[in-house]
Every structure is written in structure tokens, then in C-alpha cells.
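Residues per chain are reported as follows:
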Amino acid sequence: MKFDRHAGPVLSLFRIVTGLLFVCHGLSSVFNVFGGNQGSGHAIPIGTWPGWWAALIQVICGGLVLIGLFTRAGAFLSSGSMAYAYFVVHQPHAVLPMQNGGELPVVFCWSFFLIFVLGPGPWSLDALVRRGESGAEAPAPVLAEAPAPVLAEAPAPVLAEAPAEG
């Protein structure tokens, strides 16, 4: 079975789920929903550095990634904010994410970096805008294509007849 044909829709679903989780994470910190900031039952006070600003990035950029509008810019900012969260907030406590509680920022950072590199996928507003501008169907992104194997035929052996004696 050839799985490459599912690459575009799977990339779109990955982007949607990642963006939705990021938005929910930010909403919990800004608006005290879903248990509040880190399950504390409280929102982060407005303007508090860096938590409130990070949560604002999560809501805005996560929303852009979720709907697939300005996806690469939103994913780039989201990835950078999670790299900052890891290195400034978590890493000083211990080197490894399993020891410093930084697993979530690491996963979000690399997930958004992947979205930044690969793009939004075909199920996005960015793809819809591209189709509208070109007036044609935008091609589904191809993540990787393996080169077709080259099967070179070995030359047929040449059988030389032994010289006749005598």
C-alpha cells in the first residue's frame, strides 16, 4: 500500500490537532478555562512576563495554525516561544526534559517547527487562498519521494570458444 497519497491530509490533521491543543493551553492561562494555568484554577495576571505573553502567543498563533492561515509565521513564532520556554523556564532546573518537566514545550517546539518546514497541508485557509489566486487546484504537498530503483542489467557473458588444437 502506498501511504504517500495520505501525506497531505495527515499533515493537515496534524496541524489542526497541534494548533487546537496549543490554543486550549493558552486559553487556560489567559481566561482561566480548562482548570486554569497548569491546573491551578487561576489565570495568569494580565501583562505578567513571560507567562501571560506566552499564553497570548499560544492563543493567537495556535489559532492561526489551527485554521491554517499564515500558518508558517504562526508555527515559527510558536516554535520559538516553546524553545524559549524550555531553555529559560525548564532547562535551568535539570538538563533532561524528563527531569525538568519540559516535555510539553519540547514536543510543541518540534511539532511547530515541522509545520513551519512542511507547510499547512491541503486542508487550510492558506491552500484555499492559493487556489483562489491561481484559479487552479493546488497540488497536495509531497513530503518525500524515494527515487525509483535503477535496475541495470548486467551485460551478457561473452563465451569465447577455445582455439581448436591440431
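How each quantity is defined
Residues numbered from 1 in each chain as written. Predicted model: local features only at pLDDT ≥ 70, side-chain atom pairs only at ≥ 80, totals over all residues. Heavy atoms only, no water. Helix = DSSP H or I, 4+ residues; strand = E, 2+ residues; numbered from the N terminus. Contact = heavy atoms within 4.5 Å. Areas by Shrake-Rupley, 256 points an atom, 1.4 Å probe, with all protein chains shown as cover. Patch = residues over 30% accessible without salt bridge, like charges linked within 9 Å, V, L, I, M, F, W, Y side chains within 5 Å. Salt bridge = Lys/Arg side-chain N within 4 Å of Asp/Glu carboxyl O. Phe/Tyr/Trp six-rings, centres within 6.5 Å; stacked < 30°, edge-to-face > 60°. Buried < 20%, exposed > 50% of the residue type's maximum accessible area, 1.4 Å probe, protein only. UniProt positions renumbered as here; feature names shortened; annotations may be inferred. Expected span 1.5 Å × (residues − 1). Core = buried A, V, L, I, M, F, W, Y, C linked by side-chain atoms within 4.5 Å. Polar contact = N/O pair within 3.5 Å; in protein donor to acceptor, adjacent residues only side chain to side chain.

Looking at the overall build of the protein
Thought 1: Within the protein, the regular secondary structure consists of six helices and zero strands.
Thought 2: For the protein, restricting intrachain contacts to residue pairs at least 6 apart in sequence, the fraction spanning at least 24 positions comes to 61%.
Thought 3: Accessible area of the protein: about 11100 Å², with a carbon and sulfur share of 71%.

Comments concerning a nonpolar patch on the surface
Thought 1: Judged by side-chain polarity, Trp49, Trp53, Tyr84, Phe87, Val88 and Val89 come together as a nonpolar surface patch covering roughly 650 Å² of accessible area.
Thought 2: The element best represented in the nonpolar patch is helix 3 (residues 71-90), accounting for four residues.
Thought 3: Structurally, Trp49 is set in the loop between helix 1 (7-31) and helix 2 (51-67).

Examining the packing of aromatic side chains
Thought 1: By the definition in use, this model includes nine aromatic pairs.
Thought 2: With centroids separated by 5.1 Å and ring planes inclined at 45°, the aromatic side chains of Phe76 and Phe116 adopt a geometry described as tilted. In this pair, Phe76 sits in helix 3 while Phe116 sits in helix 5 (residues 103-118), placing the two residues 40 residues apart along the sequence.
Thought 3: Residue Phe76 is classed as partly exposed on the basis of its relative accessible area of 48%.
Thought 4: Phe116 gets classed as partly exposed once you look at its relative accessible area, which sits at 28%.
Thought 5: Aromatic rings pair up to connect Phe76, Trp110, Phe113 and Phe116 into one cluster.

Things to note about the UniProt feature "transmembrane region" (unreviewed entry) in the protein
Thought 1: Those places that UniProt annotates as "transmembrane region" (unreviewed entry) correspond, in this numbering, to residues 12-31, 51-70, 82-98 and 104-125.
Thought 2: As annotated, residues 51-70 has a helix share of 85% and a strand share of 0%, and its two end C-alpha atoms lie 24 Å apart.
Thought 3: As annotated, residues 82-98 comprises 65% helix and 0% strand, and the C-alpha atoms at either end are separated by 16 Å.

Topic: helix 1
Thought 1: In a regular helix each residue adds 1.5 Å, so 25 residues correspond to 36 Å; helix 1 covers 35 Å between its end C-alpha atoms and thus fits that length.
Thought 2: Just past helix 1, the residue Asn32 takes up positive phi, approximately 55°.

Re the nonpolar core
Thought 1: One finds Phe22, Val65, Ala75, Met82, Ala85, Phe108, Cys109, Phe112 and Ile115 forming the largest nonpolar core, which totals nine residues.
Thought 2: Within the residue set of this core, elements represented by two or more residues are helix 3 and helix 5.
Thought 3: If you tally residues by element for this core, the top one is helix 5, at four residues.
Thought 4: Apart from the residues within four sequence positions on either side, Ala85 is in contact with His90 and Pro105.

Describing the side chain of Ser79
Thought 1: In this structure, Ser79 sits in helix 3.
Thought 2: There is a polar contact of 3.0 Å between the side chain of Ser79 and the backbone oxygen of Cys109.
Thought 3: Not counting chain neighbours up to four residues away, the residues in contact with Ser79 comprise Cys109, Phe112 and Phe113.

Some thoughts on helix 5
Thought 1: Here helix 5 contains 16 residues, and its C-alpha end-to-end distance of 22 Å stays within 8% of the 22 Å for a straight helix at 1.5 Å per residue.
Thought 2: Here helix 5 has its buried residues at Pro105, Phe108, Cys109, Ser111, Phe112 and Ile115.
Thought 3: In the core, the buried residues of helix 5 are packed alongside helix 1, helix 2 and helix 3.
Thought 4: Once helix 5 ends, the next one or two residues include Gly119, with phi positive near 90°.

Thoughts on unusual backbone geometry
Thought 1: The linkage connecting Trp49 with the following residue, Pro50, adopts the cis geometry, with an omega of -5°.
Thought 2: Structurally, the position occupied by Pro50 is in the loop between helix 1 and helix 2.
Thought 3: Of note, Asn32 is a non-glycine position whose phi angle comes to about 55°, a positive value.
Thought 4: Locating Asn32 in the fold gives a position in the loop between helix 1 and helix 2.
Thought 5: Phi is positive for Phe34, which is not a glycine, with a value near 55°.
Thought 6: Residue placement: Phe34 occurs in the loop between helix 1 and helix 2.

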